[in-house]
Amino acid sequence: MKKTTTRLADGRELIYYDASDATDRGVADPRPLDPVATASEIRTDPLLGDHVAIASHRQGRTYHPPVDACPLCPSRGSGAQALGTGGGRQTEIPADSYDVVVFENRFPSLAGDHGRCEVVCFTPDHDASFADLTEEQAALVLDAWTDRTAALSQLPGVAQVFCFENRGAEIGVTLGHPHGQIYAYPFVTPRTERMLASLAAHREATGRNLFDDVVARERADGRRIVLDGDHWTAFVPYAAHWPYEVHLYPKRRVPDLLALDDAARTEFPQLYLEVLRRFDRIFGPHADPTPYISAWHQAPVHAPDREEFALHLELFTIRRTPGKLKFLAGSESGMNVFINDVPPEAAADRLREVATQP
């Protein structure tokens, strides 16, 4: 992997990750951009203790642009001369092609002393999806996630690094180009705090690791296993919140992406791409692409006993059947009590049924 770091015209950092060491990334951003001005603020709910990011500048972010105005596609007619020609178009990526690109979000939810937000472009192909990537391309995205986790973890005040992908208009995605994001939070998120509390309580009660026991139980039961590789296990959790939800765990427990060994890094693209492709077949051959959220859970940067935490990826869709979505209504939104219409065992059966045909 070749990594090239540069700056956009407004000062934001942009990083190219290329499979070939011979790739030249010397093209500068010629756009006349003003420096980014953000007004991100973190407030704490006194009743729940939750942190809320207030980011009014995001009201002006790009919203469902036409394909020929997509800011995540490569630039056409790269270079300053393109600004004065009819055939050129400058985007957030100055190069006319790329493998994987990461750059600071122009409309971040977190900024300055309140963290950092980055955009990860998986491919220059606007009409593709992560599931369309080759194993080599997916491995390069994994390398980018890992490299950014390492770099962001070193920033002052960063407590947790979260790599994720939102896919589909139903999820709320405003840019159709295949991409994900990385949030560097200045606090440990509420969901992770709850995991850590459960982890500590289980250790106190049993002397064992909760994550290890959860994965062992799923493998022993077998009914909810979707894929079982040499180095990863993918399963629908026993108490799945969402209609179709899959968790992927490395068989050797590690706290974060940096700690994955070469064998796990090699196998991950194979299993993950297969799960994503099955997600697109859940609702039949004529259904629209399945909307989903894919989220990496990593140990907080400064957590005590962080080696006890288990890196894992959670993938889920809000679609419960063709043409119907799972809405977070009164019980879920008001009281955080989920009601799942699809039994986890039935979801696992369906995900096995739609396995890629040889």
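These remarks concern the structure in this document. (Residues numbered from 1 in each chain as written. Predicted model: local features only at pLDDT ≥ 70, side-chain atom pairs only at ≥ 80, totals over all residues. Heavy atoms only, no water.)

## Quick look at helix α1 (residues 135-153)
Residue pairs spaced three or four apart in an α-helix point in one direction, given the helix's 3.6 residues per turn. Over its 19 residues, α1 runs 27 Å from end to end, which matches the ideal 27 Å to within 8%, given 1.5 Å per residue. Ala 138, Leu 140, Val 141, Leu 142, Ala 144, Trp 145, Thr 146, Arg 148, Thr 149, Leu 152 and Ser 153 are the residues of α1 that are buried. (Helix = DSSP H or I, 4+ residues; strand = E, 2+ residues; numbered from the N terminus. Expected span 1.5 Å × (residues − 1). Buried < 20%, exposed > 50% of the residue type's maximum accessible area, 1.4 Å probe, protein only.)

## Here we look at the packing of α1 against helix α4 (residues 262-279)
In contact at an axis separation of 9 Å, α1 and α4 are set at 115° when each is read in the N-to-C sense. Crossing handedness for the pair α1 and α4: right-handed. Packed against α1, whose contacting residues are Glu 135, Ala 138, Ala 139, Leu 142, Asp 143, Trp 145 and Thr 146, the element α4 presents Arg 265, Phe 268, Pro 269, Gln 270 and Leu 273 at the interface. Residues of the contact of α1 with α4, tallied by class, amount to seven nonpolar, two polar and three charged. (Axes fitted to C-alpha atoms, helices over the stretch in contact; angles between N-to-C directions. Left-handed = near helix turned anticlockwise from the far one by under 90°. Contact = heavy atoms within 4.5 Å. Nonpolar A, V, L, I, M, F, W, Y, C, P; charged D, E, K, R; others polar.)

## Focus on the sheet that holds strand β6 (residues 116-121)
Taking strand neighbours across the sheet as the criterion, the 11 strands line up as β1-β2-β5-β6-β8-β7-β12-β13-β11-β10-β9 in an open arrangement whose pairing is antiparallel. The sheet is open, and its two edges are formed by β1 (2-7) and β9 (225-228), each paired on a single side. Between one strand and the next, the sheet's axes are offset by a mean angle of 15°, whatever the strand orientation. (Pairing = 2+ DSSP bridges.)

## Quick look at the environment of Met 1
With respect to the helices and strands, the residue Met 1 is situated in the segment before β1. By relative accessible area, which is 47% here, Met 1 ends up partly exposed. Sequence separation between Met 1 and Ser 97 is 96 residues; the distance between their C-alpha atoms is 16 Å.

## So, the pattern of salt bridges
Applying the stated criterion to the full structure yields 32 salt bridges. Arg 224 serves as the salt-bridge partner of Glu 345, at 2.7 Å between the closest nitrogen and oxygen. Taken together, the residues Glu 345 in helix α6 (residues 344-353) and Arg 224 in the loop between α3 (210-221) and β9 connect sequence positions 121 residues apart. For Arg 224, a relative accessible area of 1% gives the class buried. By sharing partners, the salt bridges in this structure join Arg 7, Glu 13, Glu 104, Arg 116, Glu 118 and Arg 148 into a single network. (Salt bridge = Lys/Arg side-chain N within 4 Å of Asp/Glu carboxyl O.)

Spatial relationships are all this shows, so hold off on functional conclusions.
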